[in-house]
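# A structural walkthrough
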Amino acid sequence: MKASKTVTTKLLTTASVSALLLGLSTAASADNWRYAHEEYEGDVQDVFAYAFKEYIEDNSDHTIQVYRFGELGESDDIMEQTQNGILQFVNQSPGFTGSLIPEAQIFFIPYLLPTDEETVLEFFDESEAINEMFPTLYAEQNLELLKMYPEGEMVVTTDEPISSPEDLNNKKIRVMTNPLLSETYDAFGATPTPLPWGEVYGGLQTGILDGQENPIFWIESGGLYEVSPHLTFTGHGWFTTAMMANQNFYEGLSDEDKQLVQEASNVAYDHTIEHIQGLAEESLAKIQEASDEVTVNRLNEEEIQAFRERAPQVEKAYVEMTGESGEELLNQFKEDLEEVQNDNG
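The structure reproduced in this document is the subject of the present report. The structure presented is a predicted model; accordingly, all values stated were derived computationally and were not measured.

All right, on to a negative patch on the surface then. On the surface, a cluster of negative charge is made up of Asp-125, Glu-126, Glu-128, Glu-132, Asp-270, Glu-274, Glu-335, Glu-338, Glu-339 and Asp-343. Those elements that place two or more of their residues in the negative patch are helix H6 (117-126), helix H7 (128-139), helix H12 (255-276) and helix H15 (311-344). The element best represented in the negative patch is H15, accounting for 4 residues. With respect to the helices and strands, Glu-132 occurs in helix H7.

Summarising the element assignment, Arg-34 is placed in strand S1 (residues 32-36). Among the polar contacts listed, one links the side chain of Arg-34 to the backbone oxygen of Asn-32, at a separation of 3.4 Å.

It is at 5 Å that the axes of H6 and H7 come closest, and there the two elements cross at 40°. Comparing the axis directions of H6 and H7 gives the class oblique. Contacts from Phe-123, Phe-124, Asp-125 and Glu-126 of H6 reach H7 at Glu-128, Ile-130 and Asn-131. Per-class residue counts for the contact of H6 with H7 are 3 nonpolar, 1 polar and 3 charged.

What follows is about the pairing of strand S4 (residues 143-158). Most of S4 is tucked away: 15 of the 16 residues are buried. Across 9 bridges, the pairing between S4 and strand S9 (residues 238-246) is antiparallel. Counted as the bridge partner of Leu-143 is Asn-246 from S9. Sheet topology note: the S4/strand S7 (residues 211-215) ladder contains 5 bridges and is antiparallel. By the bridge assignment for S7, Thr-158 is matched with Gly-211. Direction of pairing for S4 relative to strand S8 (residues 230-233): antiparallel, over a ladder of 3 bridges. The residue of S8 that forms the bridge with Thr-157 is Leu-231.

Here we come to unusual backbone geometry. Despite not being glycine, Tyr-111 has its phi angle at roughly 65°, a positive value. For Tyr-111, the position within the fold is in the loop between helix H5 (94-97) and H6. Overall, Tyr-111 belongs to the buried group, its relative accessible area being 15%. One non-glycine residue, Asn-142, adopts positive backbone phi at about 60°. Looking at where Asn-142 falls in the secondary structure, it is placed in the loop between H7 and S4. Judged by its relative accessible area of 19%, Asn-142 falls in the buried class.

This brings us to the packing of aromatic side chains. Applying the stated criterion across every chain, the model contains 19 aromatic pairs. Between the aromatic rings of Phe-107 and Phe-134, the centroid separation amounts to 5.7 Å while the plane-to-plane angle is 15°, which identifies the pairing as stacked. Of this pair, Phe-107 sits in the loop between H5 and H6 while Phe-134 sits in helix H7, placing them 27 residues apart in sequence. Given the relative accessible area of 6%, Phe-107 is considered buried. Residue Phe-134 is classed as buried on the basis of its relative accessible area, which comes to 0%. A centroid spacing of 4.9 Å and a plane angle of 65° characterise the contact between Phe-123 and Phe-333, whose relative ring orientation is edge-to-face. Within this pair, whereas Phe-123 is found in helix H6, its partner Phe-333 is found in helix H15, the two being separated by 210 residues in sequence. This pair shows no difference in class: Phe-123 is buried, exactly as Phe-333 is. Joined through ring pairs, the aromatic side chains of Phe-107, Phe-123, Phe-124, Phe-134, Tyr-138 and Phe-333 make up one cluster.

Ranked by size, the top nonpolar core spans 106 residues in total, and within it Phe-52, Phe-89, Ile-106, Phe-107, Phe-134, Tyr-138 and Phe-333 carry the most contacts. Per-element tally for this core: the top contributor is H15, with 9 residues.

This part covers H6. Because an α-helix completes one turn every 3.6 residues, residues spaced three or four positions apart along the sequence face the same direction. Every buried residue of H6 is listed here: Thr-119, Val-120, Leu-121, Glu-122, Phe-123 and Phe-124. Structurally, H6 contributes buried residues whose contacts are with H7, S4, S9, H12 and H15.

Definitions and cut-offs
Residues numbered from 1 in each chain as written. Predicted model: local features only at pLDDT ≥ 70, side-chain atom pairs only at ≥ 80, totals over all residues. Heavy atoms only, no water. Patch = residues over 30% accessible without salt bridge, like charges linked within 9 Å, V, L, I, M, F, W, Y side chains within 5 Å. Areas by Shrake-Rupley, 256 points an atom, 1.4 Å probe, with all protein chains shown as cover. Salt bridge = Lys/Arg side-chain N within 4 Å of Asp/Glu carboxyl O. Lys, Arg positive; Asp, Glu negative; His and termini not counted. Charge placed at Lys NZ, Arg CZ, Asp CG, Glu CD. Helix = DSSP H or I, 4+ residues; strand = E, 2+ residues; numbered from the N terminus. Polar contact = N/O pair within 3.5 Å; in protein donor to acceptor, adjacent residues only side chain to side chain. Axes fitted to C-alpha atoms, helices over the stretch in contact; angles between N-to-C directions. Parallel < 35°, antiparallel > 145°, perpendicular 65-115°, else oblique. Contact = heavy atoms within 4.5 Å. Nonpolar A, V, L, I, M, F, W, Y, C, P; charged D, E, K, R; others polar. Buried < 20%, exposed > 50% of the residue type's maximum accessible area, 1.4 Å probe, protein only. Pairing = 2+ DSSP bridges. Phe/Tyr/Trp six-rings, centres within 6.5 Å; stacked < 30°, edge-to-face > 60°. Core = buried A, V, L, I, M, F, W, Y, C linked by side-chain atoms within 4.5 Å.

Right, here's the structure in full:
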């Protein structure tokens, strides 16, 4: 594994917080905006962040400081800093936002989203649930939702090959701190084990964990295949993320700057969607070139069905967790998917 990625996540020091807060006092005049995300250099969120930064800096006098994974703490830390106004922008997966915005856990209902890339991308472009309903939910948490976008199909990695829910019995599978994701792996027969990202590689290496799930580019980038070499394409979902701003900051912008931020978000979205096409295949090829121990199992329809049959209990748990607003969102989500699938049918 790359040395930079085995280092324990850097904790926020008093000095770094003080430096950020000192910068806040001059933010109005300097227009240096801070943007943190959850991934490494060159990963999908980083690609989005730098496309956003480039557009802002090319079309205004503002500058953007991008902070990558670990530079300001874990995902929970950067969200807290954004809500407190220390950061202006943050990119965080609904996997972590789920405790803050329970409805955002919808992306962890297995087999809700198709695995066909073209359909998924069209859905994110056109979905009323994503583009109209989600911004209201985020606004309630002092967050201006600028873009939601998919990063890649989820792939499960384990210490032994798997092809059925029975193979996951008693397997400790790492999950994000997300109640519904725990429900999913519980339904799949595994033992869901919440753990911060910075501890996952070591957990797999030492046997504290038996497996985890992530998009294939992240498995390659984080070197997870080195300690969890059996890759299974279960077809159960896509990793989704969201880019947002502190709402007080956003509402305090001039109309011109609001338009600039919206345009930059759109440009970054288009650039990122182009970037992820074919990324999974490239990442898998790199993994297979790097390791002879890796096995790849793409479940067939019959095998997938055994997992899919367990999805309704997760959907039920989602509605129980989120109530009427979650059920309304879920119904709209399904309507939007049906429209896109009919268009492509």
